[in-house]
Structures are given as structure tokens and as C-alpha cells.
Amino acid sequence: MRVLSGIQPSGSLHLGNYFGMMKKMIEFQENSELFCFIANYHAMTSVPDGKKLARGTLEAAANFLALGMDPEKSVFWVQSDVPEVQELAWTLSNFTPMGLLERCHSYKDKTAQGIKPNHGLFAYPVLMSADILLFQAEQVPVGQDQKQHLEVARDLAIKFNNEYGETFTLPDPIIDEHVATVPGIDGRKMSKSYGNTVDLFQDEKALRKQIMRIVTDSKPVEEPKDPDSCNVFRLCRLFLSAEELAELKGRYLQGGMGYGDAKQQLFEVVRDHFAPYLEKREALLSDKDALKAILAEGAQKARYAASKTLRKVRKKTGLTY
Ligand code: ADP
Ligand code: TRP
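What counts as what
Residues numbered from 1 in each chain as written. Chains lettered and ligands numbered in written order. Predicted model: local features only at pLDDT ≥ 70, side-chain atom pairs only at ≥ 80, totals over all residues. Heavy atoms only, no water. Helix = DSSP H or I, 4+ residues; strand = E, 2+ residues; numbered from the N terminus. Buried < 20%, exposed > 50% of the residue type's maximum accessible area, 1.4 Å probe, protein only. Contact = heavy atoms within 4.5 Å. Areas by Shrake-Rupley, 256 points an atom, 1.4 Å probe, with all protein chains shown as cover. Expected span 1.5 Å × (residues − 1). Near = heavy atom within 4 Å. Polar contact = N/O pair within 3.5 Å; in protein donor to acceptor, adjacent residues only side chain to side chain. Core = buried A, V, L, I, M, F, W, Y, C linked by side-chain atoms within 4.5 Å. Domains from an automatic or database assignment. Buried area = accessible area lost by both parts, 1.4 Å probe. Pairing = 2+ DSSP bridges. Right-handed = clockwise from strand over helix to strand, strands pointing away. Salt bridge = Lys/Arg side-chain N within 4 Å of Asp/Glu carboxyl O.

Take the overall build of the protein chain next. Helices and strands together make up the secondary structure of the protein chain, namely 13 helices and 5 strands. Dimensions along the principal axes, computed over C-alpha positions, put the protein chain at roughly 80 × 40 × 35 Å. Relative to its full complement of 321 residues, the protein chain shows a buried share of 47%. Here the contacts in the protein chain between residues at least 6 apart in sequence split such that 76% fall between residues at least 24 apart. Total accessible area on the protein chain is roughly 16,200 Å²; 51% of this is exposed by carbon and sulfur atoms.

Following this line, the structure appears as C-alpha cells:
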């Protein structure tokens, strides 16, 4: 099964991104043919700062590799290293009714938030369709917010196949309805835009500071506490074993434990969990040439797969003459 997904390079990584998406992507490489890329062309729609985009791209690549993406098992690349995708996007544009794009929620939402409605933002789903169809992906794991873009990709594939004969595989979305939303330090969904994140890769001091800021009620130490409604406990669930959780739950219910103790336990477990990845990430970022060499090799594999599709498309559309 060929599984493909793209992830925008978007600053620091938090527990929501990790448990909601990255960890699962990395697991796909064990039993599928995984194609995974850093969507830096897409990020241009929200990061109009070259230095920031370049840095974010390398950091996103280092994050993935540190967390277990294995370039031997998977094809892992940076989107702009395979510019063939832009050619396919143009070809697909000629099969894209304006109304289809006008109906896309993400464009409407972004412009409603005050983001300038430029052509990149409008054509975003066409480029995303090209990402998917160029590699003949069968399954595409995405969040609920991207479901409509997958429908666009299928629509365009069908239109093209009808016109020129079977060319593109129809991709299916994989939307995991069961992914628990990771709560932020204020109990709302963890999100960069709410400023309520616990980030994976930071020094101990900064990590401790984020965890100590987790919002709790003001029950005194001696009083019994409810673990299920506690933001600290909800985050502990992501890391502790069943026995450890049962033990912690007992301490909540019994009373005699302050929230500070629970936070300290969470801090230690998060720090220890990510320490080896943090080290690996730093090593990767300290040798940018080696990191770029890994990405160049990934791009080469991706270009090979892309060229097979593009050759057919060029022939059928008359671009090869
Ligand atoms: P943010 O809300 O911080 O801007 P993004 O939208 O960049 O996060 O998230 C990228 C992906 O990470 C999402 O598609 C989703 O799969 C996952 N994700 C983000 N926040 C959470 C969360 N709180 N719980 C579960 N998954 C999340
Ligand atoms: N639009 C996706 C997001 O913001 C990222 C993305 C770009 C993508 N191209 C893709 C996801 C292709 C899946 C397949 O999350």
C-alpha cells in the first residue's frame, strides 16, 4: 500500500502535533510504502520570510528524522526539491473548475481570518492534488480539516482519467476519528494559535516553565482531586503505563498530593521521553551538509517516482511533441 502525506514546516513542534500526527506517520513506514515530504511550497502561503522558511524546512526535516523517520525504509524529501510537482499542478489547473476551489472551506476560513486572498492560497488544493497524484498515492492520512482537499484530488484525477484514459490512482483519505485531541495547558485543544502548547524540543528550563503553567483548580494539597478533569493528568496519560497511571490516580483520589507534585512527575516523564530525540535532532542540525545530503537522496528517489507519472501525463496531454 502506498501511503503519502505532506507536513508543512511550521515552527516548533508540540505534543499535539506529535501524538496527533507525526508518531502515526512514522509508524506507517513499518507496513506500507511511505512517501512523506515537507510541504514548503504550501508553507509559502503563510510564511512570507525566506530565512524563516528555509530554517523551518531544515528543522522540520530534522524533527522527523530524529523522531524515527528512516530514509532507508521510506521516501522522505522536501517538496521544492521535486519541482515536477509544479508542472503537474499546472496541468491539473486546466481540469479545475473555479467553483470547486471557491467552495473550499480552508480558503474561505483563511480569508475570513484576514489572510490576503492571493492566488497561491486559492490554488493550494490544486498543488496538494498534484502532490498526491504525482506519486500515485493510494492512501493519504490527513486531519479532518484536509478532507475536502482530498476530494478535490479525487475529482481532478477522475476528470483527467476520463479525458485521457487511466493515468492516476484515486487516493483515499485516512482520517482517524479516534485520535484523541491532545489538550493544551489551559484545557483547550493544544495549538500554536492558542499559545497553550508543551513543545517537544526545548531545554529543561523552558519545558519546566510550560508544564508548571498548566491550569488546575485550586484545591489544597490535602483534599482529594479528580484526575479525569485535570489537565496535568490528561497529559500524563500520553506517557505513563497503565500501572503508573493507576498509581497516580490513587494519589489524586486519596488527597495529600499537590498539583505541583503531579506536574513534577509529568515534567520528568516528558523530559526523559524526548531526551534521546532531542540529542539526535541537535546532532542532525549541527551538520547541515549531512542533513541536506539525506534530503537530496530522498528527493532523488521521489523524482524517479514522479518522472514515471509525468512522462505519461506529458505524452497524453501533448506536452511531449
Ligand atoms: P497548530 O494547531 O498548533 O497550528 P497544526 O494545524 O500545524 O497545529 O497541526 C498539524 C497537525 O498536527 C494537524 O493536522 C493534526 O493532525 C495534529 N495536531 C495539532 N494539534 C493537535 C492536538 N491538539 N491534538 C491532536 N492532534 C493535533
Ligand atoms: N495541506 C496539508 C496540511 O496543511 C499539507 C499537505 C500538502 C499535504 N500536500 C499534501 C497533506 C499532500 C497530504 C498530502 O496539513
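Continuing now.
This part covers helix α13 (residues 288–317). Helix length check: α13 (30 residues) gives 40 Å between terminal C-alpha atoms against 44 Å at 1.5 Å per residue, within 8%. For α13, every residue scored as buried is listed here: L291, L295, G298, A299, A302, A305, A306, T309, L310 and V313.

In the region of ligand 2, 14 residues are neighbours, and Q8, Y124, M128, D131 and Q146 sit closest. For ligand 2, an oxygen atom lies 3.2 Å from a polar atom in the side chain of Q8. A distance of 2.9 Å separates a nitrogen atom of ligand 2 from a polar side-chain atom of Q146. Protein chains bury 88% of the 360 Å² of accessible surface belonging to ligand 2 in isolation. Secondary structure elements with two or more residues in the shell around ligand 2: β1 (2–7) and α7 (119–134).

Now for the environment of A306. Position of A306 relative to the elements: it lies in helix α13. With 13 residues separating them along the chain, A306 and A293 place their C-alpha atoms 20 Å apart. The contact partners of A306, leaving out residues within four places of it in the chain, are V82, E84, L134 and F135.

Residues L15, F64, L67, F76, Y252 and L266 are the most contacted members of the largest nonpolar core, which totals 55 residues. The dominant element in this core, judged by the number of residues it contributes, is helix α12 (residues 259–286), at 10 residues. When residues of this core are sorted by domain, at least three fall in each of domain 1 (2–181 + 288–317) and domain 2 (201–281). Leaving out residues up to four positions away in the same chain, L15 has contacts with G20, V182, M190, V198, L200, L235, F239 and F274.

Each domain of the protein chain was delimited in the assignment, giving domain 1 (2–181 + 288–317) and domain 2 (201–281). When each unit is reduced to the centre of its C-alpha atoms, the spacing between domain 1 and domain 2 is 35 Å. Between domain 1 and domain 2, the residue contacts involve 10 residues of the former and 9 residues of the latter. Across the domain 1/domain 2 interface, buried area totals approximately 890 Å², and carbon plus sulfur atoms make up 70% of it.

Right, let's talk about the pairing of strand β2 (residues 33–38) for a bit. In terms of burial, β2 is a largely internal element, 5 of the 6 residues being buried. Inspection of the sheet shows β1 paired to β2 by 6 bridges, in the parallel sense. In the strand pairing of β2, R2 is matched with E33. Read as a crossover between parallel neighbours, the route from β1 over helix α1 (residues 15–28) to β2 is right-handed. Inspection of the sheet shows β2 paired to strand β3 (residues 75–78) by 4 bridges, in the parallel sense. Pairing of F35 across the sheet is with V75, part of β3.

In the neighbourhood of ligand 1, 13 residues make up the surrounding shell, with H14, V182, M190, S191 and K192 lying closest. The separation between a nitrogen atom of ligand 1 and a polar main-chain atom of M190 is 3.0 Å. Expressed as a share of its isolated accessible area of 540 Å², the protein-covered part of ligand 1 is 74%.

Quick look at the environment of S10 now. Examined against the element boundaries, S10 turns out to sit in the loop between β1 and α1. The class for S10 is partly exposed, based on a relative accessible area of 37%. Remark: the alpha-carbon pair of S10 and I38, spanning 28 residues in sequence, is separated by 9.9 Å.

So, about the side chain of S129. When you line up the elements, S129 lands in helix α7. Judged by relative accessible area, which is 0%, S129 ranks as buried. In terms of polar contacts, S129 uses its side chain to reach the backbone carbonyl oxygen of P125, at 2.7 Å. In this structure S129 touches L92, H149, V152, A153 and L156, once residues within four positions along its chain are discounted.

Another point: the pattern of salt bridges. This structure, assessed with the given rule, holds 13 salt bridges. Note that E33 is salt-bridged to R2, the shortest N-O span being 2.9 Å. Residue E33 is located in strand β2, and its partner R2 is located in strand β1; the two are separated by 31 residues in the primary sequence. Overall, E33 belongs to the partly exposed group, its relative accessible area being 38%. A salt bridge links D186 to R188, with the nearest nitrogen and oxygen atoms 3.0 Å apart.

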